[in-house]
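So you can see what is in the structure, the chains are spelled out below.
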Amino acid sequence: MRVVALACLLASSLAVADDATDLKTKLAQYQSFSANFSQKVVDGDGNLAMQATGQMAVERPQKLYWHTQSPDETLLVSDGKTLWLYNPFVEQVTLYSPKEAVGRTPMLLLSSQDPAVWSQFDIKANGQDYDIKPKDEKDAYVTALTVKFSANKVAGLVIHDASGQQNTVTFSDFQSPRAKDDKVSFSFTPPAGVAVDDQR
């Protein structure tokens, strides 16, 4: 009986490992991609908390541009070595190490090739989609992430955070390789007078 239970456990572990490999393989076909996005955030009671729109781009390895343009502007940028979170309204930019920030911003997985980053998560296929959960949920800001695919393209994300909110992001105008846009940059220089909080 123990042998059967062990075999089942092993088979389950291998299946999860294969799901992670499948997701990495799917994402690896995109050296870069870009899209417009719309997002809807609901709270733990199902009430609408926020709606927003913006523009995003990713480029391997681990480069991310995520610009929320409406209703409130924020900018998230990673060059693979530093991640900047800029809030123009409060005139502050916070700097993180991408490896440490992936728990708060698992979108970095979309462009990551780092095994150490991927090893932080359990990944399970769900039809065309992939459910991602941090192995250590104790200090995780994002408690679950679903990467959604349609016609073999990244169609959107569903993000659950520790406060109970669900953030549903839908992509449109998906392009790979990414659309060239002079406004999109994977580095960031804080404007004069902006407070800098370096958390690296």
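So, here's what we can say about the structure. Nothing here was measured: the structure is a model prediction, and the numbers come from that model.

Ranked by internal contacts, the top residues of the largest apolar core, which has 35 residues, are Trp-66, Val-154, Leu-157 and Phe-171. Counting residues in each nonpolar core, the second largest holds 12 residues, with Tyr-86, Val-93, Phe-186 and Phe-188 among its members.

Strand order in the open sheet formed by 12 strands is E7-E8-E9-E10-E11-E1-E2-E3-E4-E5-E6-E12, and the pairing between neighbours is mixed. Two strands in the sheet have a free side with no partner beyond their single neighbour: strand E7 (121-126) and strand E12 (195-198). The mean inter-strand angle of the sheet, taken between neighbouring strand axes irrespective of direction, is 20°. As paired strands, strand E5 (residues 83-87) and strand E6 (residues 92-96) are joined by five bridges and run antiparallel to one another. When the bridges of E6 are listed, Leu-83 appears paired with Tyr-96.

In this description, a pair of aromatic rings is defined by centroid distance and the angle of the planes. Counted under the stated rule, the structure contains seven aromatic pairs. When the centroid spacing of 5.0 Å and the interplanar angle of 25° are considered together, the rings of Phe-33 and Phe-174 count as stacked. Taken together, the residues Phe-33 in strand E1 (residues 32-42) and Phe-174 in strand E11 (residues 166-175) connect sequence positions 141 residues apart. Under the relative-accessibility criterion, Phe-33 is labelled buried at 1%. Residue Phe-174 is classed as buried on the basis of its relative accessible area, which comes to 16%. Members of the aromatic cluster, each reached through a chain of ring pairs, are Tyr-30, Phe-33 and Phe-174.

Our focus in this paragraph is the pairing of strand E4 (residues 74-79). Pairing geometry for strand E3 (residues 63-70) and E4, over six bridges, is antiparallel. Residue Thr-68 lies in a different strand from E4, and its bridge partner there is Thr-74. Joining the antiparallel neighbours E3 and E4 is a turn of three residues. For E4 and E5, the ladder comprises four bridges, and the chain directions are antiparallel. Within E5, the residue paired with Leu-76 across the bridge is Leu-85.

Note the cis peptide between Ser-70 and Pro-71, where omega equals 5°. With respect to the secondary-structure elements, Pro-71 resides in the loop between E3 and E4. Note that the residue after Ser-176, namely Pro-177, is joined by a cis bond; omega there is 0°. The phi angle at Ala-151 is positive, at roughly 55°, despite the residue not being glycine. Counting through the fold element by element, Ala-151 comes out in the loop between strand E9 (142-150) and strand E10 (153-161). Among the residues examined, Ala-151 registers a relative accessible area of 65% and is labelled exposed.

The rules behind the values
- Residues numbered from 1 in each chain as written.
- Predicted model: local features only at pLDDT ≥ 70, side-chain atom pairs only at ≥ 80, totals over all residues.
- Heavy atoms only, no water.
- Core = buried A, V, L, I, M, F, W, Y, C linked by side-chain atoms within 4.5 Å.
- Buried < 20%, exposed > 50% of the residue type's maximum accessible area, 1.4 Å probe, protein only.
- Pairing = 2+ DSSP bridges.
- Helix = DSSP H or I, 4+ residues; strand = E, 2+ residues; numbered from the N terminus.
- Axes fitted to C-alpha atoms, helices over the stretch in contact; angles between N-to-C directions.
- Phe/Tyr/Trp six-rings, centres within 6.5 Å; stacked < 30°, edge-to-face > 60°.

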